[in-house]
Amino acid sequence: MIEKLEKLNSIAISELYKTSDINAINLWHTKHLGKKSHLMAYLRNLGQLPAQDRPKVGKLANEIRYKLENAYDEHKNTLVSQPTTTNKNSIDITLPGRPINRGRLHITNIVLRKIYSIWADMGFQIYKSREIETDELNFELLNIPKHHPARDMWDTFHTNTPGVILRTHTSPGQIHAMRTYCPNPIRVILPGMCFRYEQITARSEIQFNQVEGLAIGTNIRFSDLKGTLSTFAQRIFNKNTKTRFRASHFPFTEPSAEMDVECFLCSGKGCGVCKNTGWLEILGCGMVHPTVLSNGGYDPNKHTGFAFGMGPERIAMLKYGIDDIRYFWGNDLRFLEQF
Ligand code: DAH
């Protein structure tokens, strides 16, 4: 009798530690400690044993019951506290999967890609140049000498290294591209981030993108610039977009102009967005200044070229009616998810 009880105990213990989930451990409990278990049958039938055996057998059976209950509680606790993923049997493969949030392009990148493809169609390659520049390339070689008042147009972030700054526009890329390709003709766009030490407002940010353009060859004229940029405007906005060129001044171009498009919100009648002028300013442009051409290695007597610079965030604002440039860096999903 005693041996049988001990055997029963060791079988129960070894089976207990084989259980690895809640279902199995509950079944184990019914089998070894439930009303119909062998152990309970022993306890129930103690009265039928000879009187001298009863205390010994009864004591052992109760001890075993107590031990098994404790071992059961302990093992069940360890099963419950285990993360379910480590427990192979507890993954319910019939559950539907959790949807994965799909990423999307940032609105600036949507517009940038559109700009790239329009220029690619017209034979312009992308030329990437650096964001950290020297004062020489950002200003001096672009015909903006030290202390020249024209520098006021570009408030600058300086670094601890004298003469090294964050580029305030993509125009220094013109010099890099010219020095790479000289004396061959060039047709490139130069996209990238620019930085200005300005107060952040609804209309100006301290960092923003620009897309510079540069075409150099022989016999390139202002009419080429006008035709090319008008075609661009019609493709980025719509094919009925009207353009006008206003005289302007940039030290690196001569003559210089700014291109406006007819306000597509009011069709030129005048509204809040175009400040009642009927026109929206889109970009700066001009014929590359002879000094800049020769700084890039070209002979201004043989070569001519045009250049332009536009802001993709500004184009996005006009195209999608966004009234505050701060949204672009705000990382607010309610804004980003609209595009
Ligand atoms: N770099 C000018 C700016 O940041 C924009 C610009 C104007 C670029 C005229 C050009 C240009 O290439 O020809 O304001």
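None of these values were measured; they are calculated from a predicted model.

Description of the domain arrangement of the chain
Taken domain by domain, the chain holds domain 1 (2–81) and domain 2 (107–336). On a C-alpha basis, the centres of domain 1 and domain 2 stand 84 Å from each other.

Looking at the site of the ligand
Taken together, 16 residues are adjacent to the ligand, and H169, S171, R196, Q210 and E212 come closest. The separation between a nitrogen atom of the ligand and a polar side-chain atom of S171 is 2.9 Å. Between Q174 and the ligand, the recorded distance is 3.1 Å, taken from a side-chain N or O atom to an oxygen atom. Protein contacts shield 92% of the accessible area of the ligand, which totals 350 Å² for the unbound molecule. Among the secondary structure elements, those contributing two or more residues to the shell around the ligand are β5 (207–217), β8 (279–288) and β9 (304–310).

Some remarks on the sheet that holds strand β6 (residues 243–248)
Here seven strands make up an open sheet; going across it, the order is β1-β4-β5-β9-β8-β7-β6 and the pairing mixed. Looking along the sheet, the strands with just one partner apiece sit at the ends: β1 (125–126) and β6. Two strands pair when backbone bridges link them, and β6 and strand β7 (residues 253–262) are joined in this way by six bridges, in the antiparallel orientation. Bridging from a neighbouring strand, R244 pairs with D260 of β7. Each of β1, β4 (186–195), β5, β8 and β9 touches helix α7 (residues 172–181); the most contacted strand, β4, lies at about 145 degrees to it. Against the sheet, helix α10 (residues 312–320) touches β5, β8 and β9, its axis set at about 150 degrees to β8.

Let's talk about the pattern of salt bridges
Considering all chains together, one arrives at 13 salt bridges under this definition. Taking the shortest distance from any N to any O, the salt bridge between K31 and E15 comes out at 3.0 Å. Placement of the pair is K31 in helix α2 (residues 22–33) and E15 in helix α1 (residues 2–16), with a sequence separation of 16 residues. Of the residues examined, E15 reaches a relative accessible area of 25% and is grouped as partly exposed. D121 serves as the salt-bridge partner of R235, at 2.7 Å between the closest nitrogen and oxygen. Of the two residues, R235 sits in helix α8 (residues 222–236) while D121 sits in helix α5 (residues 107–121), which places them 114 residues apart along the sequence. Here R235 falls in the partly exposed class, since its relative accessible area comes to 37%. Since its relative accessible area comes to 55%, D121 is described here as exposed. One salt-bridge network, in which partners are shared between bridges, spans D135, E140, K146 and R151.

Reading guide: rules and limits
Residues numbered from 1 in each chain as written. Predicted model: local features only at pLDDT ≥ 70, side-chain atom pairs only at ≥ 80, totals over all residues. Heavy atoms only, no water. Domains from an automatic or database assignment. Near = heavy atom within 4 Å. Polar contact = N/O pair within 3.5 Å; in protein donor to acceptor, adjacent residues only side chain to side chain. Areas by Shrake-Rupley, 256 points an atom, 1.4 Å probe, with all protein chains shown as cover. Helix = DSSP H or I, 4+ residues; strand = E, 2+ residues; numbered from the N terminus. Pairing = 2+ DSSP bridges. Contact = heavy atoms within 4.5 Å. Axes fitted to C-alpha atoms, helices over the stretch in contact; angles between N-to-C directions. Salt bridge = Lys/Arg side-chain N within 4 Å of Asp/Glu carboxyl O. Buried < 20%, exposed > 50% of the residue type's maximum accessible area, 1.4 Å probe, protein only.

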